[in-house]
Amino acid sequence: MRRKMRRATPSVLVFTMKIAIFGGSFDPVHAEHVNIVKAAQAALSPDKIIVMPAFIPPHKQDRALASPEDRLNMAKLAFAGVKNCEVSAYEINAGGTSYTYLTLGYLAGKFPGAQLYFLVGADMLKDFYTWKQPETILSLADLVVCNREGDKVSYPAEQFRFFSKFKKRFIGIEYTGRDISSTKARVLTAFGEDLKPYLPFDVIDYIEANELYRIEGVKGALRYLKPSRRKHTLGVALTAARYAERYKIPEKSAVLAAAMHDVAKNMQADAPELSGFATEEKVPAPVLHQYTGAYVAEHTFGIRDEDVLNAVRYHTSGRPNMSDLEKLIFLSDMLEPSRDFKGVEKLRRLLAEDLNECMYQSLKHELRHLKKSGGEIYPLTFRAYEYYKGLRK
Ligand code: FE
Ligand code: FE
């Protein structure tokens, strides 16, 4: 029997190519970046996903820690096995500040008629209003938002705010990413912690082979710490690194100071590292290790950065007129995740908002605690309290 020939229909089928774009600093790329792309793939079924490492991210100019080439190479390794996914060097080759509206304009020109989707983490959604030309971005692409543990946003509430401002809705993806950040990955690398739960294996190998994110002195300082203090110290470094960018503090200084802050806590007075150390005044025992710590940081580890040394030197007592790094280390020490006392959550919220107010409230809490427990009040702590109280007027 002859098969009936099917005649081609004269009508034109319009095929719209769907392209999802995922930008970021990828410093380094981590497991959740890959998972977000996979979630977008499942939700949008795009024909192509373009991962676009930024040259200099506009909001992060003071702290890109790996070179553009290394970030590009790591992204290529991480996304190598992901279907329809390519890593673009466009922004890195373009150089200068990488603005999303310009990149999307370029892609719209390169793929005429394509439907573009721009992927962001929920934490970025909060910042989106401050980006350059958000209206242009939204005229070129649909914004696709993926939630993340810790930053989880309520889609309906954000949708309302978004629509009132832009008269457009974003697309929310149901997948919720784990609370991993590149900042955390950098700190864990500097501390020599296990990266396997957080980064693709090939990226870990690349970081090790190229010695990325290493901070001279950090691992050496950790050798002086017992496991429990090491855990506390890591908490201080993660907290300090998390807020370093917010307060324009160099992340490396924050992590180094955090690693050093308790280095002398368990040292005997006759330890060789402390030979030559002396104080002019009588210092209460719980405070003394800030001075011995700064001494070891300087003499054993050769740290010359006065700001880092002072952050160690005043991390327990505080003092009037501290630098932002000193405040950050003082507060991270008091508020890191394993600390648990009444009012700690309120102080943690303040740390994200206002260093001076957080200093005032933390010192007030400290003095009250010392009075209650009959601890000795070191005069410098009281002076610090008076100073930060005075700033409020
Ligand atoms: Fe301490
Ligand atoms: Fe400490």
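Residues numbered from 1 in each chain as written. Chains lettered and ligands numbered in written order. Predicted model: local features only at pLDDT ≥ 70, side-chain atom pairs only at ≥ 80, totals over all residues. Heavy atoms only, no water.

**Some words on the nonpolar core**
Here is step 1 of the chain: Counting residues in each nonpolar core, the largest one holds 97 residues, and the members touching the most others are Val37, Met74, Phe79, Leu119 and Phe191.
Here is step 2 of the chain: Other than its neighbours up to four places away in sequence, Phe79 contacts Val29, His33, Val34, Val37, Val51, Cys85 and Val87.
Here is step 3 of the chain: Counting 27 residues, the second largest nonpolar core, distinct from the first, contains Ile50, Leu116, Leu125 and Ala141. (Core = buried A, V, L, I, M, F, W, Y, C linked by side-chain atoms within 4.5 Å. Buried < 20%, exposed > 50% of the residue type's maximum accessible area, 1.4 Å probe, protein only. Contact = heavy atoms within 4.5 Å.)

**A closer look at the coordination of the iron ion (ligand 2)**
Here is step 1 of the chain: Surrounding the iron ion (ligand 2) are the protein donor atoms His232 (NE2), His261 (NE2), Asp262 (OD) and Asp333 (OD), which sit 2.2 to 2.3 Å from the metal.
Here is step 2 of the chain: Angles of 80 to 174° at the metal separate the 4 donor atoms of the iron ion (ligand 2), which places the site in the irregular class.
Here is step 3 of the chain: Along the chain, the residues donating to the iron ion (ligand 2) are arranged with the sequence spacing H-x28-H-D-x70-D. (Donors = N, O, S within 2.8 Å, 3.2 Å for Na, K, Ca; no water. Tetrahedral: all angles 85-135°; square planar, octahedral: opposite > 155°, others 65-115°.)

**Points about helix H14 (residues 306–313)**
Here is step 1 of the chain: Across the 8 residues that make up H14, a large majority, 6, are buried.
Here is step 2 of the chain: Among the residues making up H14, those that are buried are Val308, Leu309, Asn310, Ala311, Val312 and Arg313.
Here is step 3 of the chain: Residues of H14 that are buried in the fold lie against helix H12 (251–260), helix H13 (285–299) and helix H15 (324–335).
Here is step 4 of the chain: Put simply, Asp305 is the residue that caps the front of H14, since its side-chain oxygen is 2.9 Å from the backbone nitrogen of Asp307. (Helix = DSSP H or I, 4+ residues; strand = E, 2+ residues; numbered from the N terminus. Polar contact = N/O pair within 3.5 Å; in protein donor to acceptor, adjacent residues only side chain to side chain.)

**A closer look at the coordination of the iron ion (ligand 1)**
Here is step 1 of the chain: At this site the iron ion (ligand 1) is bound by Asp262 (OD), His289 (NE2) and His315 (NE2), with donor distances of 2.1 to 2.2 Å.
Here is step 2 of the chain: Here the donor residues of the iron ion (ligand 1) are spaced in sequence according to D-x26-H-x25-H.

**Describing the sheet that holds strand E3 (residues 85–87)**
Here is step 1 of the chain: Read across the open sheet, the 6 strands follow the order E3-E2-E1-E4-E5-E6; overall the sheet is parallel. Unpaired on one side and paired on the other, E3 and strand E6 (171–177) mark the two borders of the sheet. Averaged over all neighbouring strand pairs, the angle between strand axes comes to 25°, with direction disregarded.
Here is step 2 of the chain: In this sheet, E6 lies alongside strand E5 (residues 141–148) in parallel orientation, the contact comprising 5 bridges. Opposite Val145, over in E6, you have Gly172 as the bridge partner.
Here is step 3 of the chain: The strands that helix H2 (residues 68–79) touches are strand E2 (48–53) and E3; relative to E3, the one it contacts most, it runs at about 165°.
Here is step 4 of the chain: The strands touched by helix H4 (residues 100–110) within the sheet are strand E1 (18–24), E2, strand E4 (115–121) and E5, with E4 carrying the most contacts at an inclination of about 150°. (Pairing = 2+ DSSP bridges. Axes fitted to C-alpha atoms, helices over the stretch in contact; angles between N-to-C directions.)

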